[in-house]
Amino acid sequence: MQTCNLSEHNFEQCTKCSICTTVCPVAAVTTDYPGPKQAGPDGERYRLKDPAYFDKALKLCLNCKRCEVACPSGVHIADIIQHARMRATEGQRASLRDTLLANTDLLGTMANLVAPVANTALGLSPTKLVMDSVMAIDKHRTFPAYSRQKFETWYKRHAAKEQDAFAHHVSYFHGCYVNYNFPKLGQDLVKLLNAVGYGVHLLDKEQCCGVALIANGLYKQAKRQARVNIDNIRKSVTRDNRVVLTTSSSCTFNMRDEYPAMLGIDNADVRDSISLATKFIYHLVDEEKIKLIFKQDYKKRIAYHTACHIQRMGWQLFSIEMMRMIPGLELIELEQECCGISGTYGFKKENYERSQAIGSALFKSIEQAQVEAVATDCETCKWQIEMSTGLPVENPISVLADALDVEATRKANGL
Ligand code: SF4
Ligand code: SF4
C-alpha cells in the first residue's frame, strides 16, 4: 500500500482561503462534490482521526490538478485526495469496465489486428447500446479510431535505419495513442526532428505510462509498468546519452510527477530528462541551435486549448510560443478551462453528463473563436473536443510539421 507523506503534501499549510474551490471544474457543476478544500486538507484531518472515514464523493475528482495550480500555499490537494482514494480502495478489485478502459495497451493490440472491423463496430448504435447497458460505458461517447498499422511497426519499416546517420539523438516515448490510434503524430515528430538534424529512437521497451491505471485504481499494475518505463528511460539517458521526448502532456506529467507522488517510484535521476517535444524544440530554437523554415503559403486559424496536466507543469507556453513562430498561423489562446473528459472518466455512464457540463464553457469558447481547428497537447482532450465541437484537433507538433518547409529547413540546418 502507498502511504501518504503528509508533510510532502503540506495539508497543514492550508489557510482555508477557498481559492482552490473556485477553480474546481467538478464543484462548479455539481453540489455532490464537496470541492478540493473539503475533500483535500479538511477531509484529511477527519481521515487522520478515523482512517476508515471516506467520502465516496471523492471519486468524482478528475485529478486535473487545477486546484494545485491555484493554491497560494502550495498544498498538494489532488495528491491528498488521490491518496485517500487509494487507501479506501486498497484490496478491492476494479470492475471489468474499469480494467478494460485502463488497459490501453491490451485494447490497442487487439483492436489493431482488426482495425477496420473494430472501428465500424465501435461506431454502431447497437454496439454502443450494449456497451452502455452491459458495461456502463456511455452510449453518447465516441471512441477514437484504431490504426491498421502500429507506430512501432511503421517506425521499424520506414524510419529506424536512417536515424543513426544524424549528428544528434533523442529517444521518443510515443505512448498508446500514437502507437495504436494515431501514428501520424509520431511520424510528424520524426519528420520535424530529422529536418533539423536529430535522429529519433525508440526506447528498448515501452509500456503504457499507466495514467488510466492509476485513475481506475489498478495501482499494482501501474507500478509494474512504471518500473519498466523508468528502467528503459534510464538506459536511454545514462547508456545512450539521449533525453526522452513525448508528445502527450498526460504521459509526460504522469511519468515525471505521478510516478513518485502516486506510485512511490523514484525517478529523481531521470525526471529532468523527460520532456515534451515542444519544450525541447523551443529551447533548441531559442538557443539558436536549429532553424525552422515554414511554408510561405501556409495559412490557418487555430485555437489552443491548455490541457490540465500541461497547465500543472506550466509548459503550455512552449507549445504556444512554438506555434507563434509560424508566420501564416493565426493562433487564438483559449481561456484555461477543463474539457471534462479526464482520460477514462468521461467514458463512464455515471460521469458522462457531468463531463459534458464541465466542458461546455470550453466548447462554447471554441465555437465563438470561429477557427478551422483546435490544437492541444493531450489526446483525450482531443477526443472530447472533436466529439463535442465537430472540429479537428491537432497536437502542436503536427501543426509545426504541417507548416514546415522540410527542404528549406534541412538546408538552413546544413543537411
Ligand atoms: S487554495 Fe490551498 S490554502 Fe486555500 S483552501 Fe485550498 S488548499 Fe487551502
Ligand atoms: S484535482 Fe481537479 S477535480 Fe479534483 S479537486 Fe482539484 S480541481 Fe477539483
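Data block above holds the structure.
Trainee: I'd love a proper account of the site of ligand 2, names of residues and values included.
Mentor: Among the 13 residues in the neighbourhood of ligand 2, the closest are listed as Cys24, Tyr33, Cys61, Cys64 and Cys67. Within the shell around ligand 2, the residues separate by chemical class into eleven nonpolar, one polar and one charged.

Trainee: Account for the site of ligand 1, naming residues and giving values.
Mentor: Around ligand 1, the structure places 13 residues, and the nearest of them are Cys14, Cys17, Ser18, Cys20 and Cys71. Tallied by class, the residues present in the shell around ligand 1 amount to eight nonpolar, three polar and two charged.

Trainee: Now, about the sheet that holds strand 1 (residues 168-173): what can you tell me, with residues and values included?
Mentor: Spatially, the four strands line up as an open sheet ordered 2-1-3-4, and their pairing is parallel. Two strands lie at the open edges of the sheet, namely strand 2 (198-202) and strand 4 (274-276), each paired on one side alone. With direction set aside, neighbouring strand axes in the sheet form an average angle of 40°. Pairing of strand 1 with strand 2, which is carried by five bridges, proceeds in the parallel orientation. Of the residues in strand 2, the one forming a bridge with His168 is Tyr198. Packing of helix 15 (residues 249-263) onto the sheet brings it into contact with strand 1, strand 3 (244-246) and strand 4, and relative to strand 4 it is tilted by some 155°. Together, strand 1, strand 2, strand 3 and strand 4 form the strand contacts of helix 16 (residues 277-286), whose direction differs from that of strand 4 by roughly 85°.

Trainee: How would you sum up the layout of surface pockets? Please name residues and give values.
Mentor: Computed from the structure, the second largest pocket encloses a volume of approximately 220 Å³. Along the walls of the second largest pocket sit 17 residues, with Val23, Pro25, Arg66, Glu337 and Cys338 positioned nearest its centre. Counting residues per element, the ones that place at least two in the lining of the second largest pocket are helix 2 (19-23), helix 4 (66-70) and helix 19 (352-369). Residue composition of the lining of the second largest pocket, grouped by class: twelve nonpolar, three polar and two charged.

Trainee: Please give an account of the side chain of Arg97 that cites residues and values.
Mentor: You can see Arg97 is positioned in helix 6 (residues 96-102). Beyond its immediate chain neighbours, meaning those up to four positions away, Arg97 contacts Met135, Ala136, Ile137, Lys348, Lys349 and Glu350.

Trainee: Tell me about empty space enclosed by the protein, and name the residues and values.
Mentor: Summed over all chains, the structure comprises three cavities of 30 Å³ or more. Reported here for the largest cavity is a volume of approximately 120 Å³. In terms of lining, the largest cavity is formed by 18 residues, of which the most central are Tyr177, Leu185, Glu379, Lys382 and Asn395. Counting residues per element, the ones that place at least two in the lining of the largest cavity are helix 11 (175-181), helix 20 (379-389) and strand 8 (393-394). When residues of the lining of the largest cavity are assigned to their parent elements, the largest contribution, four residues, is made by helix 11. Partitioned by chemical class, the residues of the lining of the largest cavity number eight nonpolar, six polar and four charged.

Trainee: Kindly report on the sheet that holds strand 5 (residues 300-304), identifying the contributing residues and their values.
Mentor: On the basis of which strands lie adjacent, the open sheet formed by four strands has the order 6-5-7-8 and parallel pairing. A single partner strand is all that each edge strand has here, and the edge strands are strand 6 (329-333) and strand 8. The sheet contact formed by strand 5 and strand 6 spans five bridges and is parallel. For Lys300, the partnering residue across the bridge sits in strand 6 and is Leu329.

Trainee: So what's going on with the environment of Lys279? Residues and values would help.
Mentor: Positionally, Lys279 belongs in helix 16. Measuring from C-alpha to C-alpha, the distance between Lys279 and Glu321 comes to 9.5 Å, with 42 residues separating the pair along the chain. In this structure, Lys279 is in contact with Trp315 and Phe318, ignoring residues within four places of it in sequence.

Calculation criteria
Residues numbered from 1 in each chain as written. Chains lettered and ligands numbered in written order. Predicted model: local features only at pLDDT ≥ 70, side-chain atom pairs only at ≥ 80, totals over all residues. Heavy atoms only, no water. Near = heavy atom within 4 Å. Nonpolar A, V, L, I, M, F, W, Y, C, P; charged D, E, K, R; others polar. Pairing = 2+ DSSP bridges. Helix = DSSP H or I, 4+ residues; strand = E, 2+ residues; numbered from the N terminus. Axes fitted to C-alpha atoms, helices over the stretch in contact; angles between N-to-C directions. Contact = heavy atoms within 4.5 Å. 1 Å grid on protein atoms, 1.4 Å probe; cavity = no way out; pocket = protein on both sides within 12 Å on 5 of 7 lines; lining within 4 Å. Points joined across faces, edges and corners; volume = space filled by probe spheres on them.

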